[in-house]
Each structure stands twice: as C-alpha cells, then as structure tokens.
Amino acid sequence: MNERRIAVVKVGGKEIAPGPSIERFARWAAAQVRRGHRLVVVHGGGDEVSERAAALGLPTEKRFGQRVTSAPMLEVVLEVLAGRVNARLVGCLTAAGLPSVGLSGVSGRLLTAVLAGDPPGSLGFVGKPAQVRPLLLETLLEGGYTPVVAPVGVDSAGQPLNVNADLAAGALARALRADLWLVTDVPGVRDAGGSVLARLSVSEAHRLLRRGTARDGMVPKLQASEAALGGGRSVWIGDLDALERFPRSGGTTIVGSRRVLVRGAVPLAQRERRA
Ligand SMILES: Nc1ncnc2c1ncn2[C@@H]1O[C@H](COP(=O)(O)OP(=O)(O)OP(=O)(O)O)[C@@H](O)[C@H]1O
Ligand SMILES: [Mg+2]
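So, how was this worked out
Residues numbered from 1 in each chain as written. Chains lettered and ligands numbered in written order. Predicted model: local features only at pLDDT ≥ 70, side-chain atom pairs only at ≥ 80, totals over all residues. Helix = DSSP H or I, 4+ residues; strand = E, 2+ residues; numbered from the N terminus. Buried ≥ 20, exposed ≤ 12 C-beta atoms within 10 Å, placed from the backbone. Contact = placed C-beta atoms within 7 Å. Core = buried A, V, L, I, M, F, W, Y, C linked by C-beta atoms within 7 Å. Pairing = 2+ DSSP bridges. Axes fitted to C-alpha atoms, helices over the stretch in contact; angles between N-to-C directions. Parallel < 35°, antiparallel > 145°, perpendicular 65-115°, else oblique. Left-handed = near helix turned anticlockwise from the far one by under 90°.

Caption draft 1: Local environment of the overall build of the protein chain. Each helix and strand in the protein chain was counted, giving nine helices and 14 strands. Dimensions of the protein chain, computed from C-alpha atoms along their principal axes, come out at roughly 50 × 45 × 35 Å. Looking at the protein chain as a whole, 48% of its 275 residues are labelled buried. Within the protein chain, residue pairs in contact and separated by at least 24 positions form 73% of the contacts whose partners lie at least 6 positions apart.

Following this line, the structure appears as structure tokens:
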C-alpha cells in the first residue's frame, strides 16, 4: 500500500434505489477516484429489504433501529443487499467509468461479527462488528478496483450475520485509518431546532443521543463516527447535494471532543482544493 489516504463512503438505501440519484453518486465517486483518491464504498438498503420481505409475507420488526433477523429474514437480507443492491451499485459505478468489485463482509473474512442484542442473539442473526481483515480491500485497491461492500458480517463459524451498514463502514474506516463519509437523505445532523450543524463534537453527539434529538437511523451513524474518529481521521455526514458542494458548504463534520480532528487532517475534497 502506498501512503495515499483511503475514504470509506457509506451510501444509504434511498440514494441507491433505481433512479437518478444512484447515477449522481456514481459520477461523484468516479470523479474522486480519477483525482487519485482511493474509495471503499459501503451501502445500505434496508427499505428494499423490508419491501422484499413484505412481498414474501415476512413482517419487519425493528428494535433500537436494528432489524430483528430470523433465519428467513437473513435469506432476504442476503438476497437483497449482497445480491440485487450490490450488483446495481457496481453496475452504475462501472458505467460511470469506475472499475469496481462487489463483495460483502463474508468475503475474505473481511468483517467478523459477533451476535448483537442484550442478551446476544436476542435480535436473531444480527451481528455487531468485531474484527476487520482489510487484506482483501487493500488487494483490490492495489489492483485499481473500488471495493463495494454489502453490510453483512461473518461469525467465527462462517455464519453470515446482518450488520448495520453505518457500523460496518465505521469499523472498516477505523481499521483502514480512513476518512468516513456517511451519505444519507438529510443534509446533515440536525439540532433540536432542526438546523443542520456544520460541526459536531463527539461529546455534543452524545448529548443529542441522550436527549433523543438524534434518533432512529442517526444513532448508528453517530456511533460509527465515534468509532472511526478513534482511528484519528475525519468524519462527515450529509446528503448528495451537500456532498457535491463540499467543502464550500453543506453537511456535518464530526470532530473529536478535545481536539479538532487530527491537526492538519481535513477531508479529501478540501485537501485537494488546497493542493
Ligand atoms: N438529529 C437528526 N438529524 C438528522 N437526521 C436524523 C436525526 N435524528 C434522526 N434522523 C433520521 O435519520 C435518518 C437517516 O438514517 P436512515 O437510516 O433513514 O438512512 P440511511 O442510513 O442513509 O439509509 P440505510 O439505512 O438504507 O443505509 C434521517 O432520514 C432522519 O429521519
Ligand atoms: Mg440507516
């Protein structure tokens, strides 16, 4: 590996549903790589899992924002996330001129997970990230491919587990000492008054979580942000508009509680503009 920094970019399910936004995202990603950045893409897709499950007569139940995953629900998760959604995104990235390879956390034992829930296993086949083996990602990046990772982990016995995509991305970013970009359907993290916060410290994020100002899908994003910041890199949350505008404006940059990230460490696009 050379010293060029890696960015883990997690893109939400709504942005990669069939339609114009997935092409927008693919154009942005292809442009980043053309400029010499190395990306690892992680995707969500929970809404499509719920739709497919409903069509099969499986109701969706969520606890603390996590999908309760029975054995048949795990089959749907694998079919939709590691299959259809992953292939669609790889196809769009390829069409945008970005050679990319679809995989999941099972591949190369990339993302080992342990049963989530209290007690563990109470959510079914839901895993929380335990260990990352980045060799497969590094190998693909060396070969000029952009890895596209479906949010599935594997336990020590080889059992696939459903892992929240934000938490998976945070774990990969931490292991790769990479920047983390969480691309979602809101322009950034909102405060109690609904305004988007341009900057948010980890301790302020804890406060938003405690007060319920940050809830549902924002909870794992803030948890993932904290995990990734532990690797000393930068974290950003926002939507496609904000992503395209960055760094002029838009999105929320998460900063460590005591210091402003790592001195001199600014996200990709900003570094590039300064260069
Ligand atoms: N304080 C907050 N600021 C902004 N959004 C918030 C906040 N609290 C909760 N949210 C919710 O978080 C949602 C984003 O998470 P969500 O899980 O829905 O999308 P995603 O993670 O991008 O997609 P996927 O789950 O498919 O990967 C927003 O649509 C918003 O409703
Ligand atoms: Mg989500």
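So, next bit.
Caption draft 2: Main features of the environment of Glu-138. Along the polypeptide, Glu-138 turns up in helix 4 (residues 135-142). On the basis of neighbour count, Glu-138 is assigned to the partly exposed category, with 16 C-beta atoms found within 10 Å. Each C-alpha atom of the pair Glu-138 and Val-77 lies 26 Å from the other, and the pair is 61 residues apart in sequence.

Caption draft 3: Just the nonpolar core, in detail. In terms of nonpolar packing, the biggest core is built from 83 residues, with Val-8, Val-40 and Leu-172 touching the most fellow members. A total of 11 residues in this core trace back to one element, the largest contributor, which is helix 3 (residues 71-95). If near-sequence neighbours (up to four positions away) are discounted, Val-8 is found in contact with Val-40, Val-42, Ala-169, Leu-172, Ala-173, Leu-176, Ala-178 and Leu-180.

Caption draft 4: Representation of the sheet that holds strand 12 (residues 199-201). Pairing in this open sheet of eight strands is mixed, and the strands run 5-8-2-1-11-13-14-12 from one edge to the other. Each having just a single partner strand, strand 5 (100-104) and strand 12 make up the two edges of the open sheet. Across this sheet, the average inter-strand angle for adjacent strands is 20°, counted without regard to direction. With three bridges connecting them, strand 12 and strand 14 (residues 252-255) associate as parallel partners. Bridged to Leu-200 within strand 14 is Ile-254.

Caption draft 5: Examining the packing of helix 1 (residues 20-34) against helix 3 more closely. Where helix 1 meets helix 3, the axes come as close as 8 Å, and the angle between the chain directions of the two elements is 55°. Considered as vectors, helix 1 and helix 3 are oriented oblique to each other. Both helix 1 and helix 3 take part in a crossing whose hand is right-handed. From helix 1, Ile-22, Glu-23, Ala-26, Ala-29 and Ala-30 reach across to helix 3, where they touch Leu-89, Cys-92, Leu-93 and Ala-95.

Caption draft 6: Broad picture of the environment of Leu-135. Residue placement: Leu-135 occurs in helix 4. Separated by 41 residues in sequence, Leu-135 and Leu-176 place their C-alpha atoms 9.9 Å apart.

Caption draft 7: Local environment of the packing of helix 2 (residues 46-55) against helix 3. Packing of helix 2 against helix 3 leaves a shortest axis separation of 9 Å and a crossing angle of 130°. Taken together, the axes of helix 2 and helix 3 lie oblique to each other. Helix-helix and strand crossings are classified by hand; for helix 2 and helix 3 the assignment is right-handed. In this structure, helix 2 uses Glu-48, Val-49, Arg-52 and Ala-53 to contact helix 3, whose residues at the interface are Met-73, Val-76, Val-77, Glu-79, Val-80, Leu-81 and Val-85.

Caption draft 8: Molecular detail of unusual backbone geometry. Backbone torsion omega between Asp-118 and Pro-119 reads 5°, so that peptide bond is classified as cis. As for its placement among the helices and strands, Pro-119 is situated in the loop between strand 6 (111-115) and strand 7 (127-132). Of note, the phi angle at Arg-109 is positive, near 50°, even though the residue is not glycine. Relative to the helices and strands, Arg-109 is located in the loop between strand 5 and strand 6. The phi torsion at Arg-177 lies on the positive side, around 50°, for a residue other than glycine. Considering the arrangement of structural elements, one finds Arg-177 in the loop between helix 5 (165-176) and strand 11 (179-183). Its 13 C-beta neighbours within 10 Å are what place Arg-177 among the partly exposed residues.

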